[in-house]
Amino acid sequence: MSKAFTRENDTPPESELDDLDDPAPLPQGFKNYMTPPGFQRMQEELRHLLRVERPKVVEVVSWAAGNGDRSENGDYLYGKKRLREIDRRIRFLNKRLESAVVVNPQDQKNREQVFFGAIVTYAREDGSENTITIVGADEVDPDRGHVSWISPIARALLKAREGDLVDVRTPAGMEQVEVLEIRYAG
């Protein structure tokens, strides 16, 4: 086979790379609910990228471009790659922030039921207890017990009350959990 028809490495062209890191969009028909702290964190990240990160990288790329041969200039090549990553993240953050519906859990009037922003403690069939906070899709943090409101456990718990038994679809099959406590931050 002629070398003209092969790539030296197996990485896709840059135009294909732009789409690889974009997180999955929200399922169709679902709103992009977000808590005020989650919305603020995303705004701060966007601001940091625009005001700090991107200008630094642009400066390095400009300096490196002035040094001559760009094809073997590591600062230039790495800088351009980093600039594409930053721009991709900026586009993502802008899209998510534009579509965000900020819901403050403290404004929840009906605190006896599970709704967005609730902190729920439930007992599993094996006797273990778990506590989760129902948050937006962009705020998920399993280490802190933050689960998306569109996750199976959150969807099963929505509108439940203390003492209710709810069925949750898990990878191992159906499981019944009991709601032990519902509270809202603040």
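Parameters at a glance
Residues numbered from 1 in each chain as written. Predicted model: local features only at pLDDT ≥ 70, side-chain atom pairs only at ≥ 80, totals over all residues. Heavy atoms only, no water. UniProt positions renumbered as here; feature names shortened; annotations may be inferred. Buried < 20%, exposed > 50% of the residue type's maximum accessible area, 1.4 Å probe, protein only. Helix = DSSP H or I, 4+ residues; strand = E, 2+ residues; numbered from the N terminus. Pairing = 2+ DSSP bridges. Core = buried A, V, L, I, M, F, W, Y, C linked by side-chain atoms within 4.5 Å. Contact = heavy atoms within 4.5 Å. Expected span 1.5 Å × (residues − 1). Salt bridge = Lys/Arg side-chain N within 4 Å of Asp/Glu carboxyl O.

The name given to the protein in an unreviewed UniProt entry is Transcription elongation factor GreB, and the organism recorded there is Azospirillum humicireducens. According to the UniProt record, the Sequence similarities (unreviewed entry) comment for the protein reads "Belongs to the GreA/GreB family. GreB subfamily."

By the criterion of burial, strand S3 (residues 118-123) is predominantly enclosed, with six of the six residues buried. The alternating pattern of S3 places Ala 118, Val 120 and Tyr 122 on one face and Ile 119, Thr 121 and Ala 123 on the opposite face, and all of these are buried. Bridging between S3 and strand S4 (residues 129-135) involves five bridges; their strand directions are antiparallel. Residue pairing across strands places Val 120 opposite Ile 132, the latter belonging to S4. Hairpin connection, S3 to S4: the antiparallel pair is bridged by five residues, and Gly 127 has positive phi, about 95°.

Turning our eyes to something else, we now look at the nonpolar core. One finds Val 114, Val 120, Ile 132, Ile 134, Ile 153 and Leu 157 to be the most contacted residues of the largest nonpolar core, which totals 20 residues. Of all elements in the fold, only S3, S4, helix H4 (152-157), strand S6 (165-170) and strand S7 (173-184) reach the threshold of two or more residues within this core. Beyond its immediate stretch of four places on either side in the chain, Ile 153 contacts Tyr 122, Ile 132, Val 147 and Val 168. Of all hydrophobic cores here, the second largest spans 17 residues; its members include Leu 46, Ala 64, Tyr 76 and Ile 86.

Its 26 residues give helix H3 (residues 74-99) an end-to-end C-alpha distance of 38 Å, which sits within 8% of 38 Å, the value for a rise of 1.5 Å per residue. Listing the buried residues of H3 in full gives Tyr 76, Gly 79, Leu 83, Ile 86, Arg 88, Ile 90, Phe 92, Leu 93, Arg 96 and Leu 97.

This next bit is on the pairing of S4. Strand direction decides the pairing type here: S4 and strand S5 (residues 146-148), joined by three bridges, are parallel. Residue Val 135 lies in a different strand from S5, and its bridge partner there is Ser 148.

Looking now at the pattern of salt bridges. In total, this model carries ten salt bridges according to the counting rule given. Arg 89 is paired through a salt bridge with Glu 45; the nearest N and O atoms lie 2.8 Å apart. Of this pair, Arg 89 sits in helix H3 while Glu 45 is found in helix H2 (residues 36-65), placing the two residues 44 residues apart along the sequence. Of the charged contacts, one joins Arg 82 and Glu 53 as a salt bridge, the two residues approaching to 3.3 Å between their closest N and O atoms. On the criterion of sequence distance, the pair formed by Arg 82 in helix H3 and Glu 53 in helix H2 is long-range, its members being 29 residues apart. Given the relative accessible area of 24%, Arg 82 is considered partly exposed. Note on Glu 53: relative accessible area 23%, which makes it partly exposed.

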